[in-house]
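# Survey of secondary and tertiary structure
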Amino acid sequence: MPKFLNNHPFPVEAWFNSSTVLTFAVPKEQLIPKIPDVLQLDTFEDKYAFIAIAMVDTSGLRPKGFPKFMGNNFFLIGYRIFVRYTDQRGKRLRGLYILKSATNKKRMELLGSLFTRYKYETIDIQTDNKDALKTIYSKQSNFKLEIDTAVDAALPKHSPFQDWKQARRFAGPLPFTFSVNQDKNQVLIIKGIRQHWKPKPIQVTNYSFEFLEQLNLEGAVLANSFEITDVPYHWEKGYLETLPNQETTA
């Protein structure tokens, strides 16, 4: 298939039944090697950079304007770094850089691989609700998250934030997602449009993510945890920028 198809060639819409996001604060020096040079880390107090793990239960994902019955229902877990990018107009955009994405549906992996650069793989993802305990886990990908829904959430013990207002700035989603083609010196920019986005702090009682451990980050701590439910969301068609003063290949 033509490679230009994975440049997000059309706008997409979906309904988020729920989106659970954990953000980890990491000494910025640990994440600098994880992003392309054209991006900059989005930091707090010029000390901490951030990785978000988003677990999204999505329904009706389809090209914008298509009828809902043509949409796909799937669960997604995505690993992203908070970054900034200065575009050709000199505007500083705030967004996310993709490390890895996984879904519970092979169809979504195939479509995602065709039309995006989100690096999808298919894994088992399960959600259990027992009394006040909500659990999201995968045996194949070796992650597990437990949430106590019966108590008021407190900031994680070692969070660098002083309050939830500070923490909200690094809760996601951010307006843009960036992919970088270093061979062609290009940046692909995808803008997300959200509505009625009111994240609620959640109380995480236990978590483990093998992929996060594999990054071998020193000093990473859980900084915040939020959940939203029942919101519409859409992504605009992606657009490419060629980096200035660079030669590109055809």
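As a reminder, the structure under discussion sits directly above these lines.
One structure accompanies this document, and this report is about it. Every residue gets a number counted from 1 within its own chain, in the order that chain's sequence is written. For this predicted model, a pLDDT threshold of at least 70 governs which residues receive local features, and a threshold of 80 or more governs which side-chain atom pairs are given and counted, while totals over whole chains, interfaces and linings are taken from all residues. To get the side-chain values, all heavy atoms of the structure are used, and hydrogens and water are removed first.

## Points about empty space enclosed by the protein
- Any residue with an atom within 4 Å of a point lines the site, the site being either a cavity, points on a 1 Å grid over the protein atoms alone where a 1.4 Å probe fits but cannot get out, or a pocket, an open set with protein on both sides within 12 Å along at least 5 of 7 lines. Grid points are joined across faces, edges and corners, and a volume is the space filled by probe spheres set on the points. What the rule picks out here adds up to one cavity of 30 Å³ or more.
- Roughly 30 Å³ of volume is contained in the largest cavity.
- As for the largest cavity, its lining consists of Ser19, Val21, Ala171, Gly172, Trp197, Pro199, Phe226, Glu227 and Ile228.
- Within the residue set of the lining of the largest cavity, elements represented by two or more residues are strand E1 (12–27) and strand E14 (221–235).
- Under the scheme used here, helices are H or I runs from DSSP no shorter than 4 residues and strands are E runs no shorter than 2 residues, and both carry numbers assigned from the N terminus. Among the elements that take part in the lining of the largest cavity, E14 stands out by supplying three residues, more than any other.
- Across the lining of the largest cavity, the residue classes break down as six nonpolar, two polar and one charged. Any residue that is not Ala, Val, Leu, Ile, Met, Phe, Trp, Tyr, Cys, Pro, Asp, Glu, Lys or Arg is counted as polar, Gly included; the first ten are nonpolar and the last four charged.

## Some remarks on the nonpolar core
- Counting residues in hydrophobic clusters, the biggest one holds 40 residues, and the most contacted among them are Met55, Ile77, Phe178 and Phe209.
- Here, two residues are considered to be in contact whenever any of their heavy atoms come within 4.5 Å of each other. In this view, Met55 contacts Ser18, Ser19, Thr20, Leu22, Phe75, Leu76, Ile77, Ile136, Leu145 and Phe209; residues no more than four positions away in its chain are not counted.
- Among buried residues, those of type Ala, Val, Leu, Ile, Met, Phe, Trp, Tyr and Cys that are joined through side-chain atoms within 4.5 Å constitute a nonpolar core. Burial classes: relative accessible area under 20% of the type maximum marks a residue as buried, over 50% as exposed, and values in between as partly exposed (1.4 Å probe, protein chains only). Core analysis: the second largest hydrophobic core is formed by 34 residues, Tyr48, Met108, Trp197 and Trp235 among them.

## Quick notes on the environment of Thr103
- With respect to the helices, strands and loops of the structure, Thr103 is situated in strand E5 (residues 92–103).
- The term polar contact refers here to a pair of N or O atoms within 3.5 Å; inside protein, the definition further demands a hydrogen-donor-capable atom paired with an acceptor-capable atom, and it admits residues adjacent in sequence only when both atoms are side-chain atoms. Here the side chain of Thr103 touches Phe75 through a polar contact of 3.1 Å, landing on its backbone oxygen.
- A polar atom in the side chain of Thr103 sits 3.3 Å from the backbone nitrogen of Lys105.

## Quick word on the sheet that holds strand E13 (residues 203–209)
- Sheet architecture is open: four strands sit in the order E7-E8-E9-E13, paired in antiparallel fashion. Two strands bound the open sheet, and with one partner strand each, they are strand E7 (126–130) and E13. In this sheet, adjacent strand axes meet at a mean angle of 10° when their direction is disregarded.
- Strands are labelled as partners when DSSP assigns at least two bridges between them. Taken together, the six bridges between strand E9 (residues 143–148) and E13 define a ladder with antiparallel strand orientation. Paired with Ile147 across the strands is Val204, a residue of E13. Here the axes come from fitting lines to C-alpha atoms, over the contacting stretch only for helices, and the angles between their N-to-C directions go from 0 to 180 degrees.

## Some thoughts on the pattern of salt bridges
- Here, a salt bridge means any side-chain nitrogen of Lys or Arg that lies within 4 Å of a carboxyl oxygen of Asp or Glu. Applying the stated rule across the entire model yields nine salt bridges.
- Across the salt bridge formed by Asp46 and Lys28, the nearest N and O atoms sit 2.8 Å from each other. With Asp46 in the loop between strand E2 (40–41) and strand E3 (48–63) and Lys28 in helix H1 (residues 28–31), this residue pair connects regions lying 18 residues apart in the sequence.
- Residue class for Asp46 comes out exposed when judged on its relative accessible area of 54%.
- Using a relative accessible area of 19% as the deciding quantity, one classes Lys28 as buried.
- Lys100 is the salt-bridge partner of Glu121, the closest N and O atoms lying 3.3 Å from each other. Of this pair, Glu121 sits in strand E6 (residues 120–122) while Lys100 sits in strand E5, and the two are 21 residues apart along the sequence.
- Each of Asp42, Arg84 and Arg94 takes part in one network of salt bridges that share partners.

## With respect to the layout of surface pockets
- As a volume, the largest pocket reaches approximately 790 Å³.
- Considering the residues around the largest pocket, the lining is formed by 44 residues, among which Leu61, Leu76, Tyr118, Tyr120 and Trp235 are closest to the centre.
- Of all the elements in the fold, those that place two or more residues in the lining of the largest pocket are E1, E3, strand E4 (72–86), helix H2 (106–115), strand E10 (176–181), strand E11 (186–194) and E14.
- In terms of residue count, E3 provides more of the lining of the largest pocket than any other element does, seven residues in total.
- Considering only residue class, the lining of the largest pocket consists of 29 nonpolar, 10 polar and five charged.

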